[in-house]
Amino acid sequence: DAGVTQSPTHLIKTRGQQVTLRCSPKSGHDTVSWYQQALGQGPQFIFQYYEEEERQRGNFPDRFSGHQFPNYSSELNVNALLLGDSALYLCASSLRDRGEKLFFGSGTQLSVL
Amino acid sequence: QKEVEQDPGPLSVPEGAIVSLNCTYSNSAFQYFMWYRQYSRKGPELLMYTYSSGNKEDGRFTAQVDKSSKYISLFIRDSQPSDSATYLCATSERQRQLTFGSGTQLTVLP
């Protein structure tokens, strides 16, 4: 049973560029959430997708956007990258009615130079 | 003030010791309490899950929640070097996003 898979594992970008991160949820899961984890900090909630719509959003600017596809996979897009966007981006999947039980992928390490 | 505060550590203990990890939270609406373990360069892994107050035991791990004092604990008995990781507490309301502590880095020395 494949768990949550994320791609790419590492990414280096420069300020002002745009980036797209991808996630495939655990088999049977229909809800995808994205978290940002800065070095030495706990993950911070970005947003959650269910039925191809953004259902909840954390305190992140509009530069952060996402999408969920009919097969439940998801993308996170970040525009106009800032140095402060450097972090580990984690995708987590769950069942809609068990949203407190998240299964995380290994993350994408984004470095903005 | 952060919604979830966690002792940052780092914490270093000898193999076989009992480890106590703690968090406090401020939002009375939190109902679900989780502990995640995160190894270096990996995503967090759900370790323990508790609904409301009380204790939950799973092998060498025991999670405690005291909603009256807004205090969450994780105890690890007979700690092993393989337990060396960062431990994250997390809380949530029903159907809401998780709020994490900043994590405690634990090292168990052989």
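Anyway, here's the lowdown on the structure attached to this text. (Residues numbered from 1 in each chain as written. Chains lettered and ligands numbered in written order. Predicted model: local features only at pLDDT ≥ 70, side-chain atom pairs only at ≥ 80, totals over all residues. Heavy atoms only, no water.)

On to the pattern of salt bridges. What the rule picks out here adds up to 7 salt bridges over all chains. Note that R57 of chain A is salt-bridged to E54 of chain A, the shortest N-O span being 3.1 Å. What makes R57 of chain A partly exposed here is its relative accessible area of 30%. Put simply, R60 of chain B and D83 of chain B hold a salt bridge, and the shortest N to O gap is 2.9 Å. With a gap of 23 residues between them, R60 of chain B in the loop between β6 (54-58) and β7 (61-66) and D83 of chain B in the loop between β8 (71-76) and β9 (85-92) connect regions that are remote in the sequence. (Salt bridge = Lys/Arg side-chain N within 4 Å of Asp/Glu carboxyl O. Buried < 20%, exposed > 50% of the residue type's maximum accessible area, 1.4 Å probe, protein only. Helix = DSSP H or I, 4+ residues; strand = E, 2+ residues; numbered from the N terminus.)

Okay, the state of the cysteines next. Applying the stated criterion across every chain yields a total of 2 disulfides over all chains. In this model, C23 of chain A is linked to C91 of chain A through a disulfide, with the two sulfur atoms separated by 1.8 Å. For the disulfide bridge between C23 of chain A and C91 of chain A, the dihedral angle about the S-S bond is near -65 degrees, and by the sign convention the bridge is left-handed. With C23 of chain A in strand β3 (residues 19-24) and C91 of chain A in strand β9 (residues 87-94), this residue pair connects regions lying 68 residues apart in the sequence. In this structure, C23 of chain A and C91 of chain A share a single accessibility class: buried. Note on cysteine connectivity: C23 of chain B is disulfide-linked to C89 of chain B, with sulfurs 2.0 Å apart. Here the disulfide of C23 of chain B and C89 of chain B is left-handed, its torsion about the S-S bond being about -100 degrees. Taken as a pair, C23 of chain B in strand β3 (residues 19-25) and C89 of chain B in strand β9 lie far apart in primary sequence, 66 residues in all. Here C23 of chain B falls in the buried class, since its relative accessible area comes to 1%. (Disulfide = S-S within 2.5 Å.)

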